Number of protein chains: 2
Amino acid sequence: MIYLDNAATTYPKPESVYEAILHQMKNFGANPGRSGHKMAIEAGRSIFNARELVARLFNIDNPMQIIFTSNATEALNLAIKGLLKAGDHVITTSMEHNSVLRPITTLEKIGVKNTIIQCSGAGYVEPSDVKKAINENTKLIVMTHASNVTGTLMPIEEIGKIAKEAGINFLVDAAQTAGVYEIDVKKLNIDLLALPGHKGLLGPQGTGLLYIREGLDIMHFKEGGTGSKSEELVQPEMLPDRYESGTPNTPGIAGLAKGIEFIMETGLDKIRQHEEALTQQFIDEISHIHQVKIYGPKDAKRQAAVVSINIGEEDSSEIAYILDKVFNIAVRPGLHCAPHTHKTIGTFEQGTVRFSFGYFNKKEDVEAAVAAIKEICEQL
Amino acid sequence: MIYLDNAATTYPKPESVYEAILHQMKNFGANPGRSGHKMAIEAGRSIFNARELVARLFNIDNPMQIIFTSNATEALNLAIKGLLKAGDHVITTSMEHNSVLRPITTLEKIGVKNTIIQCSGAGYVEPSDVKKAINENTKLIVMTHASNVTGTLMPIEEIGKIAKEAGINFLVDAAQTAGVYEIDVKKLNIDLLALPGHKGLLGPQGTGLLYIREGLDIMHFKEGGTGSKSEELVQPEMLPDRYESGTPNTPGIAGLAKGIEFIMETGLDKIRQHEEALTQQFIDEISHIHQVKIYGPKDAKRQAAVVSINIGEEDSSEIAYILDKVFNIAVRPGLHCAPHTHKTIGTFEQGTVRFSFGYFNKKEDVEAAVAAIKEICEQL
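On a predicted model such as this, the values are computed, not experimentally measured, just so you know. (Residues numbered from 1 in each chain as written. Chains lettered and ligands numbered in written order. Predicted model: local features only at pLDDT ≥ 70, side-chain atom pairs only at ≥ 80, totals over all residues. Heavy atoms only, no water.)

### Describing the pattern of salt bridges
Going by this rule: What counts as a salt bridge is simple: a side-chain nitrogen of Lys or Arg found within 4 Å of a carboxyl oxygen of Asp or Glu. Helix and strand assignments follow DSSP, with helices taken as H or I runs no shorter than four residues and strands as E runs no shorter than two, numbered in order from the N terminus. Think of it in three bands: with a 1.4 Å probe and only protein chains considered, a residue is buried below 20% of the maximum accessible area for its type, exposed above 50%, and partly exposed in between.
Summed over all chains, the structure comprises 38 salt bridges over all chains. Here A:Glu261 makes a salt bridge to A:Lys258, at a shortest N to O gap of 3.1 Å. Of this pair, A:Glu261 and A:Lys258 are both found in helix 7 (residues 250–266), three residues apart, which corresponds to roughly one turn of the helix. By relative accessible area, A:Glu261 is classed as partly exposed at 23%. Here A:Lys258 falls in the partly exposed class, since its relative accessible area comes to 30%. What you see here is one network of salt bridges that share partners, running through A:Glu74, A:Lys222, B:Glu74 and B:Lys222.

### Let's talk about the relation of the copies chain A and chain B
Let me state the cut-off plainly: Residues reaching a pLDDT of at least 70 in both copies supply the C-alpha atoms on which the copies are superposed by least squares. Residue contacts are counted whenever heavy atoms from the two residues lie within 4.5 Å of one another.
At an RMSD of 0.0 Å, chain A and chain B line up after a rotation of 180° and a shift of 0.0 Å along the axis. Taken together, the turn and the small shift mark the pair as related by a two-fold rotation axis. It is A:Ser70 whose C-alpha, among those of chain A, lies nearest the rotation axis, at 3.1 Å. Same-surface contact between copies: 100% of interface residues of chain A are shared with the interface of chain B.

### Regarding the state of the cysteines
Inclusion rule: In plain terms, two cysteine sulfur atoms within 2.5 Å form what is called a disulfide here.
A complete count under the given rule lists zero disulfides over all chains for this structure. The thiol of A:Cys119 is unpaired, and the distance to the nearest cysteine sulfur, on A:Cys337, comes to 18 Å.

### Side note on the interface of chain A and chain B
To keep it simple, the criterion reads: Polar contacts, as used here, are pairs of N or O atoms within 3.5 Å; protein pairs need one atom able to donate a hydrogen and one able to accept it. Residues neighboring in sequence count only if both atoms are side-chain atoms. Three classes are used: nonpolar for Ala, Val, Leu, Ile, Met, Phe, Trp, Tyr, Cys and Pro, charged for Asp, Glu, Lys and Arg, and polar for all others, with Gly counted as polar.
Taken together, the contact pairs 77 residues of chain A with 77 residues of chain B. Counting across the chain A and chain B interface gives eight salt bridges. Between A:Lys222 and B:Glu74 there is a salt bridge, with the nearest N and O atoms lying 2.8 Å from each other. Joining chain A to chain B, the criterion identifies 44 residue pairs in polar contact (both at pLDDT 80 or more). Split into classes, the residues belonging to the side of chain A that touches chain B amount to 26 nonpolar, 34 polar and 17 charged.

### Concerning the sheet that holds strand 10 (residues 306–311) of chain B
All names here are of chain B. Note the threshold: By definition, two strands form a pair when at least two bridges between them are found by DSSP. Think of each axis as a best-fit line through the C-alpha atoms, taken over the contacting stretch in the case of a helix, with angles from 0 to 180 degrees between the N-to-C directions.
One open sheet accounts for three strands, arranged 9-10-12; its pairing is antiparallel. Of all strands in the sheet, those with a lone pairing partner are strand 9 (292–294) and strand 12 (353–356), marking the two edges. Averaged over all pairs of adjacent strands, the angle between strand axes in this sheet comes to 35°, irrespective of strand direction. Two elements, strand 10 and strand 12, share four bridges in a ladder whose sense is antiparallel. In the strand pairing of strand 12, Ile309 is matched with Val353. Across the sheet, helix 9 (residues 316–325) touches strand 10 and strand 12, and the angle it forms with strand 12 is around 50°.

### Some words on the domain arrangement of chain A
Residues and elements named next belong to chain A. For the record, the criterion: Boundaries between domains were set according to an automatic or database domain assignment. Buried area is calculated as the accessible area (1.4 Å probe) missing from two parts once they are joined, with the contributions of both summed.
Domain parsing of chain A yields domain 1 (2–10 + 267–379) and domain 2 (15–266). If you average the C-alpha positions of domain 1 and of domain 2, the two centres end up 27 Å apart. Taken together, the 34 residues of domain 1 in the interface contact 36 residues of domain 2. When domain 1 packs against domain 2, the two sides together hide about 2800 Å² of surface, and 60% of this comes from carbon and sulfur. Ranking the residues of domain 1 by area buried against domain 2 places Leu268, His340 and Thr344 at the top, with a combined share of 20%. In this assembly, domain 1 and domain 2 are joined by zero salt bridges. The interface formed by domain 1 and domain 2 contains 18 residue pairs in polar contact (both at pLDDT 80 or more). Sorting the residues of the side of domain 1 that touches domain 2 by element identifies helix 8 (268–286), strand 10 (306–311) and helix 10 (339–345) as the ones contributing at least two each. For the side of domain 1 that touches domain 2, the element with the most residues is helix 10, which contributes six residues. Looking at the side of domain 1 that touches domain 2 residue by residue, the class counts come to 16 nonpolar, 12 polar and six charged.

### Re the UniProt feature "domain: Aminotransferase class V" (unreviewed entry) in chain A
Note the following rule: UniProt positions are given in the numbering used here, feature names are shortened, and annotations may be inferred rather than shown by experiment.
Per the UniProt record, the feature "domain: Aminotransferase class V" (unreviewed entry) sits at residues 2–368 of chain A. With 36% helix and 14% strand, the stretch residues 2–368 of chain A has end C-alpha atoms that lie 8 Å from each other.

### Points about the sheet that holds strand 2 (residues 66–69) of chain B
Residues and elements named next belong to chain B. Here seven strands make up an open sheet; going across it, the order is 2-8-7-6-5-3-4 and the pairing mixed. Where the open sheet ends on each side, the last strands, each with one partner, are strand 2 and strand 4 (113–117). The average angle at which neighbouring strand axes cross in this sheet is 15°, direction not considered. By the bridge criterion, four bridges tie strand 2 to strand 8 (residues 208–212) in an arrangement that is antiparallel.

### Description of the side chain of A:Thr266
Residue and element names in this part refer to chain A. By the element assignment, Thr266 lies in helix 7. The class of Thr266 is buried, set by a relative accessible area of 19%. A polar contact of 2.7 Å, which involves the side chain of Thr266, links it to the backbone oxygen of Phe262. Ignoring any residue separated from it by four or fewer positions in sequence, one finds Thr266 in contact with Ile271 and Tyr359.

### A few points about the pairing of strand 7 (residues 192–196) of chain B
Each regular strand displays side chains that alternate between the two surfaces of the sheet. All names here are of chain B. Burial analysis of strand 7 places five of its five residues in the buried class, which makes it a mostly covered element. The two faces of strand 7 match: Leu192, Ala194 and Pro196 on one face and Leu193 and Leu195 on the other face are all buried. In this sheet, strand 7 lies alongside strand 6 (residues 169–173) in parallel orientation, the contact comprising three bridges. Residue Leu171 lies in a different strand from strand 7, and its bridge partner there is Leu192.

### Overview of helix 6 (residues 156–166) of chain A
Residue and element names in this part refer to chain A. Rule in force here: The arc in question is the one spanned by the directions pointing from the helix axis to the C-beta atoms.
Listed as buried for helix 6 are Ile156, Ile159, Gly160, Ile162 and Ala163. All buried residues of helix 6 fall inside an arc of 160° around its axis, so they share one side. Every exposed residue of helix 6 that faces more than 90 degrees away from the buried side is listed here: Lys164 and Glu165. Residues of helix 6 that are buried make contact with helix 5 (127–133), strand 5 (138–144) and strand 6 (169–173).

### Examining the packing of aromatic side chains
In plain terms, the rule: Whether two aromatic rings pair depends on their centres lying within 6.5 Å, for rings of Phe, Tyr and Trp, where Trp uses its six-membered ring; planes under 30 degrees apart make the pair stacked, over 60 edge-to-face, and the rest tilted. Distance and angle both matter: a charge sits over a ring if NZ of Lys or CZ of Arg is within 6 Å of the ring centre and within 35 degrees of the ring normal.
Within this structure, the stated rule accounts for 13 aromatic pairs over all chains. Ring plane angle 70° and centroid distance 6.0 Å describe the contact between B:Phe262 and B:Tyr359, whose orientation is recorded as edge-to-face. Here the residue B:Phe262 occupies a position in helix 7 (residues 250–266), and B:Tyr359 occupies one in the loop between strand 12 and helix 11 (363–379), the gap between them amounting to 97 residues. B:Tyr359 sits in the buried class, given a relative accessible area of 19%. Site record: aromatic cluster; members linked through ring pairs are A:Phe262, A:Tyr359 and A:Phe360. Above the plane of the ring of A:Tyr124 lies A:Arg302, whose end atom (NZ or CZ) is 5.8 Å from the centre. The cationic tip of B:Lys343 hangs over the ring face of B:Phe348; the distance from NZ or CZ to the ring centre is 4.8 Å.

Following this line, the structure appears as structure tokens:
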């Protein structure tokens, strides 16, 4: 199977990731941070090692400000609901995933207002539109670093500056960019960074994380055993314990650490350049097929390795079905959990067929996808 | 290392668990329930297979009422906070873990009252005490099936009947019993069942679950992409989607399925009998050592395979440290995230040294532990 669904989860993972998960389970399969015996300490070390690698990758001073979650959705829920209170105002964009849109919609019920900035047809948000939307109650700007539908890279540096100047917290959803693009939380003025471990970071499913800037008080939403201050009936205030109750996904986090090590050894630039080359190759070659409509920037420098297309008026699910059954190519059709995005790019009814490339894809995979699209177009 | 810390997490896991995790990641490492291609469908099947196995093990009619979580703590938080509202009253016991005590303490702030039933010195709760505590606002009885400190098995059948007669929801924390003791949610009148995947169920860390009786409305606390009803900005009402936002821990859940299969093939009775035998052997042999104080029922028929002890007035951490360093035996000292339990059994200052046995422990492991305890006592 030719796997072009890396925006959902990357596949395959580096061999070292598989090995680390197994090694952790078979040799140090104890509960970290609970008991004090050798195996438990080794398990705890493995989690701390992952925390340090994450800190290094995103230029975070204190690894204890990194909270491991089960996925990016949990990280986004924690950040959004933990920060916003009745009377607050939040700004976001029309290119967001339901993991941002659904929490802010829920918060309307408790009196948190929101402004959803309309993006351009290519999915781009104007920083000046964000600035104009700020009012005296604005507490948070939350936005994706790159659209999961069109790949459109957002001007997070400019918006980070706007947020900082206005004294507003800035939450970035890096689901489509972490591990591929440089993200320096200090340079970009990011107060909160949410991301999955199983996409660009090349770790296993079941991992995600939230970085919380020091001094920012986010309400936790799970309480329980932390292995610390067991004598107290209230959740400990110290990080990461406050937000990490119960047994963590130790093997998953050990795998994630190896994914990050692979990225550091390979180099972000090399990974990004490879993905850019595949994306540009794909865009260039399908641009000539007259039935194909491509959404988004159509420029690999302005988008992550995610390209949404449609063929004529054909249902996106039908095309994806043919790609799977006839050509053995894995893509994702439909709305991709991002309804406003499809209203923005004009595909709310049809959805899109999304091709997303990863570091382990080759030129030949792109060629096969292009050939398949051509053949489908000829048959129609 | 002789691993006697199975109450924290079981170790090792069956070989089939390791294999399934790796097989899932290497062969079907796609995102389940999102795309429609072969790998994604296979990943989705793997999750559904696990749901069906869980349903069979606990006699649950509809597998869609089973919610996968990252651990038992998340399941307990979801159940407790999702059910209780201002003005409600909840009953629990003095033998609970902080994953129950901390959420109900937090709920005091929004006006949820609680009654913590004092248990006996051996950790046993009197069903009549629970009955007496019920008032017109009582909405929930939550309790552990077995103490994580003393192993004391709780009379959940009697209390299930009391709850049913009174029309009160009954939430059981089966962290120490699932996969070893028969738990039939219908026979026991359990409305909500929370448990980890990585203890008696022999799955990997990063897994847990909550069973919700059909018709029970529990408020979700995470929203996001569910791969269903993507066009809507509100969380879908259908289960399990309502409670399972974002990418699940697919490899972990695939491993959990194999853990449950192992249990079904081996038989609950055989597993329980083996653990009972080890527990009784341990209790019998250390009962003769005069410096040793044993807590709990001191009867393998009345407790899970968890035995807490102390040696004279020695600090529990010091004893565990010696067991680890000198004898290469892994146990857990301290309060085990259960402060009221230690007040109940009189060890709030000293903590206890907890020995917990698993199916993969052998008689020889118990003998080694007994010999080590004897030697420590002689040296003191």
